[in-house]
Structure formats: C-alpha cells, structure tokens
Amino acid sequence: MPQAHLSTEVAPGIYAIPVPIPYPFRYVNCYLLLPKPPSSGGAVLVDAALDTPEARGSLEAALKEHGLAWGDLEALLITHHHPDHYGLAGLIEAQGVPVYMLDVEKERGHVFWSEPERMHQAGMDHFRQHGITDGHLLGLEQEMAQTRSRVHPAQNPRTFREGERLELAGMSLRVVWTPGHADGHSMFLRETDGVLLAGDQILEKISPNIGRWAYAYPNPLAHYLRSLEKTAALGARLALPGHYRPIADIAGRVAELKAHHMERLGFLEGLLNDCPQTCWQLSLALFPGELTLAQRRFAWAETLAHLEYLVEAGRARWVNQDGVLGYLR
Ligand SMILES: [Zn+2]
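Reading the values: the criteria
Residues numbered from 1 in each chain as written. Predicted model: local features only at pLDDT ≥ 70, side-chain atom pairs only at ≥ 80, totals over all residues. Heavy atoms only, no water. Helix = DSSP H or I, 4+ residues; strand = E, 2+ residues; numbered from the N terminus. Contact = heavy atoms within 4.5 Å. Areas by Shrake-Rupley, 256 points an atom, 1.4 Å probe, with all protein chains shown as cover. Donors = N, O, S within 2.8 Å, 3.2 Å for Na, K, Ca; no water. Tetrahedral: all angles 85-135°; square planar, octahedral: opposite > 155°, others 65-115°. Buried < 20%, exposed > 50% of the residue type's maximum accessible area, 1.4 Å probe, protein only. Pairing = 2+ DSSP bridges. Axes fitted to C-alpha atoms, helices over the stretch in contact; angles between N-to-C directions. UniProt positions renumbered as here; feature names shortened; annotations may be inferred. Salt bridge = Lys/Arg side-chain N within 4 Å of Asp/Glu carboxyl O. Disulfide = S-S within 2.5 Å. Lys, Arg positive; Asp, Glu negative; His and termini not counted. Expected span 1.5 Å × (residues − 1). Phe/Tyr/Trp six-rings, centres within 6.5 Å; stacked < 30°, edge-to-face > 60°.

When you go through the chain residue by residue, the secondary structure sums to 10 helices and 14 strands. The long-range fraction of contacts in the chain, counting pairs at least 24 apart against all pairs at least 6 apart in sequence, stands at 66%. Accessible surface computed for the chain: about 14,200 Å², of which carbon and sulfur atoms make up 53%.

So, about the coordination of the zinc ion. Around the zinc ion, the donor atoms from the protein are Asp-84 (OD), His-85 (NE2), Asp-200 (OD) and His-243 (NE2), and they sit 2.0 to 2.6 Å away. Around the zinc ion sit four donor atoms; with metal-centred angles ranging over 84 to 162°, the donor geometry is irregular. Each donor residue of the zinc ion lies on one chain, and together they are spaced D-H-x114-D-x42-H. Note that His-85 is positioned in helix α2 (residues 83–86) and His-243 in the loop between β12 (238–241) and α8 (250–271), a separation of 158 residues in sequence. Neither residue differs from the other here; His-85 and His-243 are each classed as buried.

Moving on: the sheet that holds strand β11 (residues 195–199). In spatial order, the strands read β8-β9-β10-β11-β12; together these five strands make up an open sheet with mixed pairing. Lying at the two open borders of the sheet, with one neighbouring strand each, are β8 (165–168) and β12. In this sheet, adjacent strand axes meet at a mean angle of 30° when their direction is disregarded.

Let us now look at the UniProt feature "domain: Metallo-beta-lactamase" (unreviewed entry) in the chain. Sites flagged by UniProt as "domain: Metallo-beta-lactamase" (unreviewed entry) map to residues 27–243. In this annotation, residues 27–243 is assigned 36% helix and 22% strand; the end-to-end C-alpha distance for the span is 6 Å.

If you walk through the whole model with that rule in mind, you get 18 salt bridges. The salt bridge partner of Arg-108 is Asp-183, with a shortest N-O separation of 2.7 Å. Highlighted residues: Arg-108 in helix α4 (residues 103–114) and Asp-183 in the loop between β9 (171–177) and β10 (186–190), separated in sequence by 75 residues. Relative accessible area serves as the criterion here: at 6%, Asp-183 is assigned to the buried category. Between Glu-269 and Arg-315 there is a salt bridge; the shortest N-O distance is 2.8 Å. Residue Glu-269 is located in helix α8, and its partner Arg-315 is located in the loop between α10 (293–312) and β13 (317–321); the two are separated by 46 residues in the primary sequence. What makes Glu-269 partly exposed here is its relative accessible area of 27%.

Here we come to the state of the cysteines. For the coordinates displayed, the defined rule picks out zero disulfides. A disulfide-free cysteine, Cys-275 has its sulfur positioned 16 Å from the sulfur of Cys-279, the nearest such atom.

Another aspect to go through is the side chain of Glu-105. You can see Glu-105 is positioned in helix α4. Buried charge without a salt bridge: Glu-105, with Arg-108 as the nearest opposite-charge side chain at an N-O distance of 7.0 Å. In contact with Glu-105, other than residues within four places in its own chain, are His-80, His-81, His-110, Ala-182, Asp-183, Gly-184 and His-185.

Turning to its location among the elements, Asp-322 is positioned in the loop between β13 and β14 (324–328). Sequence-wise, Asp-322 and Met-101 are 221 residues apart; in three dimensions their C-alpha atoms are separated by 40 Å.

Glancing now at α10. An ideal rise of 1.5 Å per residue puts 28 Å on 20 residues; α10 measures up with 28 Å between its terminal C-alpha atoms. Positioned one or two residues after α10, Gly-314 has a phi angle of 75°, which is positive.

Let us now look at the pairing of β10. Of all five residues that make up β10, five are buried, and the element is covered over most of its length. The two faces of β10 match: Ser-186, Phe-188 and Arg-190 on one face and Met-187 and Leu-189 on the other face are all buried. Two elements, β9 and β10, share five bridges in a ladder whose sense is antiparallel. In the strand pairing of β10, Val-175 is matched with Phe-188. Between β10 and β11, which pair antiparallel in sequence order, lie four residues; one of them, Gly-194, sits at a positive phi of approximately 65°.

Two strands pair when backbone bridges link them, and strand β1 (residues 8–11) and strand β2 (residues 14–20) are joined in this way by three bridges, in the antiparallel orientation. Looking at β2, one finds that Thr-8 is bridged to Ala-16. The antiparallel hairpin formed by β1 and β2 contains two residues in its connecting segment, where Gly-13 sits at a positive phi of about 80°.

Right, let's talk about the packing of aromatic side chains for a bit. Applying the stated rule across the entire model yields seven aromatic pairs. With a centroid separation of 5.0 Å and an interplanar angle of 65°, the aromatic rings of Phe-127 and Trp-300 are classed as edge-to-face. One end of the pair, Phe-127, is in helix α5 (residues 116–129); the other, Trp-300, is in helix α10, with 173 residues separating them in the sequence. For the residue pair Phe-127 and Trp-300, the accessibility class agrees, reading buried in each case. Between Phe-160 and Phe-188, the ring centres sit 5.5 Å apart and the planes meet at 80°, which makes this aromatic pair edge-to-face. A residue pair is termed long-range when its members are at least 10 positions apart, and Phe-160 in strand β7 (residues 158–160) and Phe-188 in strand β10 qualify at 28 residues. Here Phe-160 and Phe-188 have matching classes, each one buried.

This is the structure we're talking about:
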C-alpha cells in the first residue's frame, strides 16, 4: 500500500501538516512554507504543536517527506503561545532555527511559559476569586503541570510587529494582529493570492475559546469581536486554520461566530438574577453536561469573558463577597 502523505499542499507552496495532540481537537495544523522556483528562500514552519513523541514523529516525518530536517528551517513563526501551537518551539530553536512571534505575544503570551512561578500564583488567585473550589484547584494544578512539561518556550524569541511584511520562503506575508483568543494572536496574509494563515482566529467546526485568563487583556470578547471584523475586512480568499479544514467562506464563518457569541451573551444574561452567582456556578449552567476538568476550565474562562462583556455593556454587575465575585443582573 502506498503510504499516505504526511503533508498536503493546501495552497501553492503551503503544506498542511496535521499533528496529533492529546486534546479533543485531535490535531493541530502546522504549516510548512516552501519557496516555489524561481523564488528563493528557505523553508518555514508555522506553529510548533505540543511536545509528545507522536507530535515530534509526525513533524519530523513530514519534514523528511520534503527532504528536510529541523536545522534546515529558515524560521519558525508562531501564531500564538497556546500549548498546542508553541510546545516544540524551544527544541526547534535549539536546532538553530530562529523563532518569531508578534511583539505583543512575547510580552503577554510567551511569559506564561517563561515565568511559571509568577503566572501560577496569579492564575490560582484568579481561579479562587471566581469561585473555583480548592478540590478543583488541585486537579487543575496537576493538569497544568503536565501541560508545562510538554511546552518548551523559545529562549530568545524574535519579534515582528502588526502590519509588518515578512519576506520568507519566497513569499511576502503581512502580519495581522487579532487579539481575543490570545492577546498577541497573529495571522499571516499572503496578499498575492489572498491566502490567510489564520491560527485559531476562525475554525470550521467550533468557536475558538475566548477566555478571560489572569494574564489576559480585560474584556477579551470585545477584542475578539473587533478582530473578527478585521478578519472579514481582509477580503482573503482562503483561511488556513490551526485546527480542522481550510475555510473558503471567511465572511460567512465570521458572521456565524459573531451570531454564536451574541446568542451566548443573551443566554448568560438570562441566567442572572438578584442573587449573586459566581462565574464557576454560571459556567455549569452555560456549559451543562459531562466535561473533563480541563474542559471545565475552558468553559469557566469563556463564561468569565462573556460576563466581563456583559458588565462592560451595563447588562450585568458584580459584588465582592469576601474576595469572591458574584454576578447579578
Ligand atoms: Zn489551537
């Protein structure tokens, strides 16, 4: 039997590599950019998956398919610092490959991994303030410790800026900053043919998690909704996302994602009454059913992002009860 290809050319010179990850998505898409003759330049990888033996093996095999090893890469571009996109960055950098990310993401995302003690304490205080009980905190700490063991941040990340044009792999890629999913989330637009390396800004099957983490900008949902407008306004022809398949109808998907958040805001507003409820309690109602603790953490952070949006819009308020915030209509 012929072996299945480990990478697929999804746009000229851009190969999608589905890399297995132990999360519900099952795969993260890394993209390999190769110059098309007569263009010159080196090979570039976009995003670095999570460090597991399966992920390393899958990426190494996909590179080999193109006659490449880690050290042959000219650059590694990172869309955002989340573990499934940044895990192998430090190991790839150690092979002599420079790692690039948005300046904002270095300051506000990369630090999550490079300053673990500070981030851990702030995160725990934030969980407690929003009603997560000690029983759950222990499980979350264990889960986070495992994730940290699978993420190797770059030692010396280099940065690019919003709007900058990166000349790499014989392509010109415009950096598009889209805060929301992460403060320094960025996309790369190849203007010559409207191909957009979209990170987790828009996904085909699910709404990307918009969470209010301890270290995130306040009101990330407002940022994300503005970033959705910015994404649609690019007029790109094909989005290559971090998970699932390419998206041709970008404006259509943006409209669906906006409608989804408006509906969820309305539903959450309807759960509020005159009796203060914590974000944790509200997240159980907004996301009912069986979820793993890790999924519960995302549900909680997403609920908090929506609560902040409602408060900011004057549709909800909160009271501080002995250090724990309760939300009211
Ligand atoms: Zn992702």
